[in-house]
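Fold and contact review
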Amino acid sequence: MNFLRGVMGGQSTGPQHTEAETIQKLCDRVASSTLLDDRRNAVRALKSLSKKYRLEVGIQAMEHLIHVLQTDRSDSEIIGYALDTLYNIISNDEEEEVEENSARQSEDLGSQFTEIFIKQQENVTLLLSLLEEFDFHVRWPGVKLLTSLLKQLGPQVQQIILVSPMGVSRLMDLLADSREVIRNDGVLLLQALTRSNGAIQKIVAFENAFERLLDIITEEGNSDGGIVVEDCLILLQNLLKNNNSNQNFFKEGSYIQSMKPWFEVGDENSGWSAQKVTNLHLMLQLIRVLVSPTNPPGATSSCQKAMFQCGLLQQLCTILMATGVPADILTETINTVSEVIRGYQVNQDYFASVNAPSNPPRPAIVVLLMSMVNERQPFVLRCAVLYCFQCFLYKNQKGQGEIVSTLLPSTIDATGNSVSAGQLLCGGLFSTDSLSNWCAAVALAHALQENATQKEQLLRVQLATSIGNPPVSLLQQCTNILSQGDKIDRRGSKIQTRVGLLMLLCTWLSNCPIAVTHFLHNSANVPFLTGQIAENLGEEEQLVQGLCALLLGITIYFNDNSLESYMKEKLKQLIEKRIGKENFIEKLGFISKHELYSRASQKPQPNFPSPEYMIFDHEFTKLVKELEGVITKAIYKSSEEDKKEEEVKKTLEQHDSIVTHYKNMIREQDLQLEELKQQISTLKCQNEQLQTAVTQQASQIQQHKDQYNLLKVQLGKDSPHQGSYNDGAQMNGIQPEEIGRLQEEIEELKSNQELLQSQLAEKDSLIENLRSTQTSPGTNEQSSVTASARDSEQIAELKQELVTLKSQLNSQSLEITKLQTEKQELLQKTEAFVKSVPVPGESEAGMATETTDVEGRLSALLQETKELKNEIKALSEERTAIKEQLNSSNSTIAILQNERNKLQVDITDSKKEQDDLLVLLADQDQKILALTNKLKELGHPVEEEDELESGDQDDEDEENEDDGKDQDDI
């Protein structure tokens, strides 16, 4: 603080310093002071001066402050002061109290300082790295400074952040900060970062932004939350609007389902704060972003499907029919529901089934139409209802048919207790309010859009104009009102009613020759149209003239020449005489040249600032664009060209009829094939069911047969000629043949047992022989090799025999188990027989005799069973003994194998030693022979004994070599 005292003290003793000099001294302190405390105090003083003397501090101190950010990162306090000072220099937020004439100057100042700061891209990268610091005094001012930079020069700063490594990822970490101030300012930073930059929007979305923002909205209380919810919703709109990739990611991530709790507002009339209204308004706009008509059709339909499946559309319809909802929320809800159902049949069908909570219940469509034709309702609400009705009918022929059917005589409620949609439209069409006329005419035109069937059906509608007069058709009544012009006093625009009726008639007559014939049948219609077109009227009436020219052109182009007085050629001659072809085409061009035409052609929603601008409908602009060119060509065509075109049309119609016929045949055949496939599948199912039933019945029959045989055997006990043992066996359901078979199997097992024992004895003797041959080692190496070969063959045979013995033992054990189970069955049947012995009602002596016989038979059976049990026990014991003998023989064989291997190793070693000795002896003989030869050459006498000994040695060597060869052969 010494330097501050000097600065402040100097002002009282010496000459008064100006602010610029003070700032200069502080900047010098920041640049030259070696003590961190001095630099920190100087930066803090600059921060306090930066709000009031923004220009001076910015010019002199910005470079020093950036240097502080680069060099003093270890001290969070001086970094925080530097960031706050830079924020005060760049930001325009503190200039709210400045007069209006200096506001623009302050904005220019902020953008200039921002340009200086970002001129070196390293400054923005440095700021991004500082945001990684967790210290509150560094991170928070860093977030505010970066937000201010983005507000001043957004595109340039966005580009720098985009090319910085991990730049966007660092900013996404702000949403996870536990301190709400930093988190909330991080949301504002991301708002500025994602504005109008699709690349950054995609990166932010794939950095899990949707889930984090939705979690924040839920934590803050959804629509009841504060301004943080509003900021999150604005950020979500930035990420999703006009970004098909992010919209698809949002839908695929199942985030649409998370939006449903936002609209659970309840039925209470209170609690609609200004913030809640703002939040709900943004939430509804977010839904509209996902289902906007400007999105790709596939993406829009998939979002519409998800909104219906998760119950979001149902929740919106609940708000739509609720009471106490603010007008602007109700209007936006109607617009949102409109786009959720637009062009998606399932949602349109659901909306048609929604009823308002009234007594009696009324369809939601009827309630909305009542608001549309009611001139006391707000203009914005009436536009929203019209848009909802248009979206309900868009590509919905089923809905169009339902609306038109409410106008037909057969469906009108004669009692008058309920009002239908058709009646409301007719009431609005012929009311004295010009806006109601226009809305009803456009709504009715949408019920006919691209639907020739309903255009023909609407010709059947008859209207009762007054009591005592015959009814007139709806088409005739429209032309009557159109011909009256301004004679009827109406509230609102002068031309709005006529424009609406002309748009309705053009839509009705286009692509419908029958309607054209009905229109031309009234002889007053064509003279009225030609009179309107030929007159020279003011600018307001030019649009009406253009629409009349369009209607007359439609009567020519879609004329089937069924009326002789108004055939195509006659109508063209009439135009040429009374109007002139060039004049007619010029009047026709008034429509597309009108200033409101291009505005209406941009978006389907009728969004107008006031009723006077409500002239054109979006779908009608498409019709004008489609028909203007073909009508112009039709006017200039000659009669011969018309004839040729008619012939081509007839040929095409015939071709189309043939193609349609074959298509219908193919469709019918496809349906028949589907039906036959279904019949085949049902027959297959029935066949499988019948087969299972047959199998079950066969098993039941077999069971019944078994029971019958059992009963038959049990009843056979009354026969006096049967022996006691056989009677007992038959009464228990066991034939004597079965017992004999069991005994034979036991005998067979015994014989197998004896055979196995004899085989084991042979193997034991072989093992003893092997042991004896092993214990008495031979002197001759040839005999040991022969014995080892023989041992190996015997061991292989023993192994093979052991395998066969094991398999025989396994089969024998299985047979023993089978005998044990059969014994258990015998015991069970015996017990059952004892329990089920019938006691006839005869004398006591007969009963005693019969009881004695039964007891004798039972005792015989029990004795036989006991013997079988003993035999099975003996067999199992023998089997155990055989197993033990096999185990011992296996161990003996293993020992013999080891000893045989040792012998083979010894034989190999001895053979190697013998070969070495033979080689040494041969070398020695060669040396002796060589020496003897030398002695002979030198003349030294050699004794004969030495030669003999050498010759004998050679003979012995030859014999040894022969013995070795024989041994090798063996």
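Thresholds applied
Residues numbered from 1 in each chain as written. Predicted model: local features only at pLDDT ≥ 70, side-chain atom pairs only at ≥ 80, totals over all residues. Heavy atoms only, no water. Helix = DSSP H or I, 4+ residues; strand = E, 2+ residues; numbered from the N terminus. Buried < 20%, exposed > 50% of the residue type's maximum accessible area, 1.4 Å probe, protein only. Contact = heavy atoms within 4.5 Å. Areas by Shrake-Rupley, 256 points an atom, 1.4 Å probe, with all protein chains shown as cover. Salt bridge = Lys/Arg side-chain N within 4 Å of Asp/Glu carboxyl O. Polar contact = N/O pair within 3.5 Å; in protein donor to acceptor, adjacent residues only side chain to side chain. Phe/Tyr/Trp six-rings, centres within 6.5 Å; stacked < 30°, edge-to-face > 60°. Lys NZ or Arg CZ within 6 Å of the ring centre and 35° of its normal. Axes fitted to C-alpha atoms, helices over the stretch in contact; angles between N-to-C directions. Parallel < 35°, antiparallel > 145°, perpendicular 65-115°, else oblique. Left-handed = near helix turned anticlockwise from the far one by under 90°. Nonpolar A, V, L, I, M, F, W, Y, C, P; charged D, E, K, R; others polar. Expected span 1.5 Å × (residues − 1). Patch = residues over 30% accessible without salt bridge, like charges linked within 9 Å, V, L, I, M, F, W, Y side chains within 5 Å. Lys, Arg positive; Asp, Glu negative; His and termini not counted. Charge placed at Lys NZ, Arg CZ, Asp CG, Glu CD. Disulfide = S-S within 2.5 Å.

This brings us to the overall build of the protein. For the protein, the count of helices and strands is 42 helices and four strands. Out of the 970 residues belonging to the protein, those deemed buried represent 41%. A sequence separation of at least 24 residues applies to 72% of the contacts in the protein between residues at least 6 apart. Of the roughly 53000 Å² of accessible surface on the protein, 51% is carried by carbon and sulfur atoms.

The subject of this paragraph is the pattern of salt bridges. Applying the stated rule across the entire model yields 20 salt bridges. Between Asp75 and Arg40 there is a salt bridge, and its shortest N-O distance comes to 3.2 Å. Of this pair, Asp75 sits in the loop between helix 4 (54-71) and helix 5 (76-90) while Arg40 sits in helix 3 (residues 36-50), and the two are 35 residues apart along the sequence. In terms of burial, Asp75 and Arg40 fall into one category: buried. For Asp84, the salt bridge goes to Lys47, with nearest N and O atoms at 3.5 Å. Note that Asp84 is positioned in helix 5 and Lys47 in helix 3, a separation of 37 residues in sequence. Asp84 gets classed as buried once you look at its relative accessible area, which sits at 17%. Residue class for Lys47 comes out partly exposed when judged on its relative accessible area of 28%. It is possible to trace a salt-bridge network through shared partners that takes in Asp37, Arg40, Asp75 and Glu77.

It is worth spelling out the side chain of Thr194 at this point. Topologically, Thr194 is positioned in helix 11 (residues 180-194). Judged by its relative accessible area of 0%, Thr194 is buried. Separated by 3.4 Å, the side chain of Thr194 and the backbone oxygen of Gln191 make a polar contact. In this view, Thr194 contacts Gln158, Ile200, Gln201, Val204, Leu235, Asn238 and Leu239; residues no more than four positions away in its chain are not counted.

This part is about the packing of aromatic side chains. A full pass over the atoms with the stated rule returns ten aromatic pairs. Pairing Phe250 with Tyr255 gives two aromatic rings, centres 5.5 Å apart and planes at 40 degrees, and the pair type is tilted. In terms of burial, Phe250 and Tyr255 fall into one category: buried. Relative to Phe558, the ring of Tyr557 has its centre 4.9 Å away and its plane inclined at 90 degrees; by these criteria the two rings are edge-to-face. Classification of Phe558 by relative accessible area gives buried; the value is 11%. Among the aromatic residues, those joined into a ring-pair cluster are Phe206, Phe210, Phe249, Phe250 and Tyr255. For Lys144, the ring lying beneath its charged end belongs to Tyr87, and the centroid distance is 5.1 Å.

What follows deals with the packing of helix 13 (residues 209-219) against helix 14 (residues 227-240). One way to put it is that helix 13 packs onto helix 14 with a least axis distance of 9 Å and a crossing angle of 155 degrees. It follows that helix 13 is roughly antiparallel to helix 14 by the angle criterion. Read as a crossing pair, helix 13 and helix 14 show a hand that is left-handed. Packed against helix 13, whose contacting residues are Ala209, Phe210, Leu213, Leu214, Ile216 and Ile217, the element helix 14 presents Val228, Val229, Cys232, Leu233, Leu235, Leu236, Leu239 and Leu240 at the interface.

The next subject is the packing of helix 33 (residues 581-588) against helix 36 (residues 618-636). Look at helix 33 against helix 36: their axes get within 11 Å of each other, and the N-to-C directions meet at 175 degrees. Taken together, the axes of helix 33 and helix 36 lie roughly antiparallel to each other. Listed contacts from helix 36 to Lys581, Glu582, Phe584, Ile585 and Leu588 of helix 33 are Glu628, Ile631, Thr632, Ile635 and Tyr636. Along the lines of polarity and charge, the residues of the contact of helix 33 with helix 36 split into six nonpolar, one polar and three charged.

Turning to its location among the elements, Gln285 is positioned in helix 16 (residues 274-290). Using a relative accessible area of 26% as the deciding quantity, one classes Gln285 as partly exposed. If sequence neighbours within four positions are ignored, Gln285 has contacts with Gln237 and Glu332.

For the rest of this paragraph, the subject is the side chain of Thr479. Mapped onto the elements of the fold, Thr479 is located in helix 27 (residues 474-484). Take Thr479: its relative accessible area is 7%, and that puts it in the buried class. Ignoring sequence-local partners within four residues, the contact set of Thr479 consists of Leu505, Phe519, Asn522 and Asn525.

The next subject is helix 22 (residues 379-393). With 15 residues, helix 22 extends 22 Å between its outermost C-alpha atoms, agreeing within 8% with the 21 Å of an ideal straight helix rising 1.5 Å per residue. Directly after helix 22, the chain includes Lys395, whose backbone phi takes a positive value near 55 degrees.

This part covers the environment of Ile79. Note that Ile79 resides in helix 5. Classification of Ile79 as buried rests on a relative accessible area of 1%. As a C-alpha pair, Ile79 and Leu130 span 51 residues in sequence and 9.0 Å in three-dimensional space. For Ile79, the contacting residues outside a window of four places in its chain are Val68, Leu69, Asp72, Arg73, Leu130 and Val138.

In the segment running from Asn359 into Pro360, the intervening peptide bond is cis, with an omega of -5 degrees. Looking at the secondary structure, you find Pro360 in the loop between strand 1 (355-356) and strand 2 (362-363). Backbone geometry places Asn222, a non-glycine residue, at a positive phi of 55 degrees. Secondary-structure assignment places Asn222 in the loop between helix 13 and helix 14. Assessed through its relative accessible area of 15%, Asn222 is described here as buried. For Glu450, which is not glycine, the phi dihedral falls at a positive 55 degrees. Mapped onto the elements, Glu450 comes out in the loop between helix 25 (434-448) and helix 26 (452-458).

Glancing now at a negative patch on the surface. Taken together, the side chains of Asp906, Asp909, Glu913, Asp915 and Asp916 define an acidic patch exposed on the protein surface. Within the fold, Asp916 resides in helix 41 (residues 844-938).

Next up on the list: the state of the cysteines. Counting across every chain of the model gives zero disulfides. Of all cysteine sulfurs in the structure, the one in Cys391 sits closest to Cys388, which takes part in no disulfide; the separation is 6.9 Å. Look at Cys388 and you get buried, because its relative accessible area is 1%. Sulfur of Cys439: no disulfide; nearest cysteine sulfur belongs to Cys383 and is 6.3 Å away.

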